[in-house]
Amino acid sequence: MTADAKVRLYVEQPLGPGQPVALDEGHANYLFNVMRLARGDQIRLFNRQDGEWLAVVEQVGKRQGIARALAQTRPHTPPPDMWLIFAPIRKARLDMLVEKAVELGAGRLVPVQTRFTNAERLRPDKMRAHMIEAAEQCGATYLPDLADLIPLDRLLSTWPAGRRLYWADEGLSGRAAGLKAALEADKGTPAALLIGPEGGFAPEEREQLRALAFVTPISLGPRILRAETAALAALTLWQSAAGDWT
Ligand code: SAH
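Nothing here was measured: the structure is a model prediction, and the numbers come from that model.

## Concerning the packing of helix α2 (residues 91-103) against helix α7 (residues 227-242)
Now for step 1: The N-to-C vectors of α2 and α7 enclose an angle of 10°; their axes lie 9 Å apart at closest approach. When the interaxial angle is binned, α2 and α7 end up roughly parallel. Packed against α2, whose contacting residues are Arg93, Met96, Leu97, Lys100 and Ala101, the element α7 presents Glu228, Ala231, Leu232 and Leu235 at the interface.
Now for step 2: Within the contact of α2 with α7, the residues separate by chemical class into 6 nonpolar, no polar and 3 charged.

Take a look at the structure:
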């Protein structure tokens with residue numbers, strides 16, 4: 001039934017030839033109840049560092065199971081060194097943003113608390129589950145990092161040397177900011193994209209961002225985009241000019 005090993009799962013364990021991999025309750029439920037896989041069926045497994053492996057189901061249980069890695073099917077290919085920094089938004093939109101950010105190749109997701117952000121209901125466990133699902137589905141051979149929620153002030157005051165921060169500034173909407181040229185010029189530089197909340201950035205935040213040498217303000221066109229649209233547009237632009245699409 002699974003000769004082509006369609007099911008792909010992210011695991012935390014190391015993968016190598018003959019390596020047994022314990023499957024947890026979530027995996028067991030998905031593989032054996034939902035997908036109706038049985039002993040001897042093949043699946044594909046990947047983790048953060050060993051690439052993707054063909055594996056065979058060896059033990060089937062109600063709440064656990066064991067698979068054995070057979071051979072590597074794809075090497076580990078990390079995403080470009082690019083962070084997506086975003087102010088948390090309402091749940092359905094946030095789920096979408098997280099899923100699409102993984103598909104579009106963000107290397108690290110960083111939720112940021114800005115003046116107009118309401119992050120009370122942020123659920124990192126749920127976000128991580130969405131990231132795993134997206135990574136499994138899109139063929140990634142890695143899982144992007146998920147950072148803890150960080151206040152904008154602290155993010156900026158602890159900014160790592162050498163990383164460029166592209167700030168999607170709604171105040172530039174409609175003004176050409178030479179984005180493509182700026183991105184191409186920075187090709188190979190560690191990067192980050194900063195997207196604000198639905199309420200936008202506060203005047204003092206905009207002032208603070210403007211004053212920083214590592215910040216490049218960017219425009220995303222003449223219309224004001226919703227935060228999740230802005231994130232996806234910025235990711236796409238960055239990827240096509242400086243990322244791993246070229
Ligand atoms: N309420 C704000 C808009 C916020 S849109 C207002 O009316 O001005 C949410 C975020 O998306 C913004 O903070 C910005 O980071 C990004 N964004 C949306 N449209 C943009 C555009 N045309 N150019 C640059 N950034 C944009």
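## Some remarks on the sheet that holds strand β3 (residues 42-46)
Now for step 1: In space, the 5 strands of this open sheet follow the order β1-β3-β4-β5-β2, with mixed pairing throughout. Either end of the sheet is taken by a strand with one partner, and the two such strands are β1 (8-10) and β2 (20-23). Neighbour-to-neighbour, the strand axes of this sheet turn through a mean angle of 40°, independent of strand direction.
Now for step 2: Note that β1 and β3 share 3 bridges and pair parallel. Residue pairing in the sheet places Tyr10 in a bridge with Phe46 of β3.
Now for step 3: Contacts from helix α3 (residues 124-138) reach β1 and β3, with the element oriented near 145° to β1.

## A word on the site of the ligand
Now for step 1: As a matter of local geometry, the ligand sits amid 20 residues, with Ala168, Glu170, Glu198, Leu220 and Arg223 nearest to it.
Now for step 2: One nitrogen or oxygen atom from the main chain of Ala168 is found 2.6 Å from an oxygen atom belonging to the ligand.
Now for step 3: Within the backbone of Leu225, an N or O atom sits 2.9 Å from a nitrogen atom of the ligand.
Now for step 4: Relative to its unbound accessible area of 560 Å², the ligand is 84% covered by the protein chains.
Now for step 5: Of the residues assigned to the shell around the ligand, the class counts are 10 nonpolar, 6 polar and 4 charged.

## Points about the pairing of strand β4 (residues 52-60)
Note on strand geometry: in a regular strand, side chains alternate between the two faces of the sheet.
Now for step 1: Bridge count for β3 against β4 is 5 bridges, and the pairing is antiparallel. Along β4, the bridge assignment pairs Arg44 with Leu54.
Now for step 2: The antiparallel pairing of β3 with β4 creates a hairpin that spans 5 residues between the two strands, and Gly51 there sits at a positive phi of about 80°.
Now for step 3: Across 8 bridges, the pairing between β4 and strand β5 (residues 65-74) is antiparallel.

## Remarks on the domain arrangement of the chain
Now for step 1: Taken domain by domain, the chain holds domain 1 (8-74) and domain 2 (82-242).
Now for step 2: Here the C-alpha centroids of domain 1 and domain 2 sit 33 Å apart.
Now for step 3: With 10 residues of domain 1 in contact, the opposing surface of domain 2 contributes 11 residues.
Now for step 4: For the pair domain 1 and domain 2, the two sides together bury roughly 860 Å², of which 48% comes from carbon and sulfur.
Now for step 5: The three residues of domain 1 that bury the most area against domain 2 are Arg8, Tyr10 and Arg48, which together make up 59% of that side's buried surface.
Now for step 6: Between Arg128 and Glu12 there is a salt bridge, and its shortest N-O distance comes to 2.8 Å.
Now for step 7: Where domain 1 packs against domain 2, one counts 9 residue pairs in polar contact (both at pLDDT 80 or more).
Now for step 8: In terms of residue count, β1 provides more of the side of domain 1 that touches domain 2 than any other element does, 3 residues in total.
Now for step 9: When the residues that make up the side of domain 1 that touches domain 2 are grouped by side-chain class, the tally is 3 nonpolar, 2 polar and 5 charged.

Conventions and cut-offs
- Residues numbered from 1 in each chain as written.
- Predicted model: local features only at pLDDT ≥ 70, side-chain atom pairs only at ≥ 80, totals over all residues.
- Heavy atoms only, no water.
- Axes fitted to C-alpha atoms, helices over the stretch in contact; angles between N-to-C directions.
- Helix = DSSP H or I, 4+ residues; strand = E, 2+ residues; numbered from the N terminus.
- Parallel < 35°, antiparallel > 145°, perpendicular 65-115°, else oblique.
- Contact = heavy atoms within 4.5 Å.
- Nonpolar A, V, L, I, M, F, W, Y, C, P; charged D, E, K, R; others polar.
- Pairing = 2+ DSSP bridges.
- Near = heavy atom within 4 Å.
- Polar contact = N/O pair within 3.5 Å; in protein donor to acceptor, adjacent residues only side chain to side chain.
- Areas by Shrake-Rupley, 256 points an atom, 1.4 Å probe, with all protein chains shown as cover.
- Domains from an automatic or database assignment.
- Buried area = accessible area lost by both parts, 1.4 Å probe.
- Salt bridge = Lys/Arg side-chain N within 4 Å of Asp/Glu carboxyl O.

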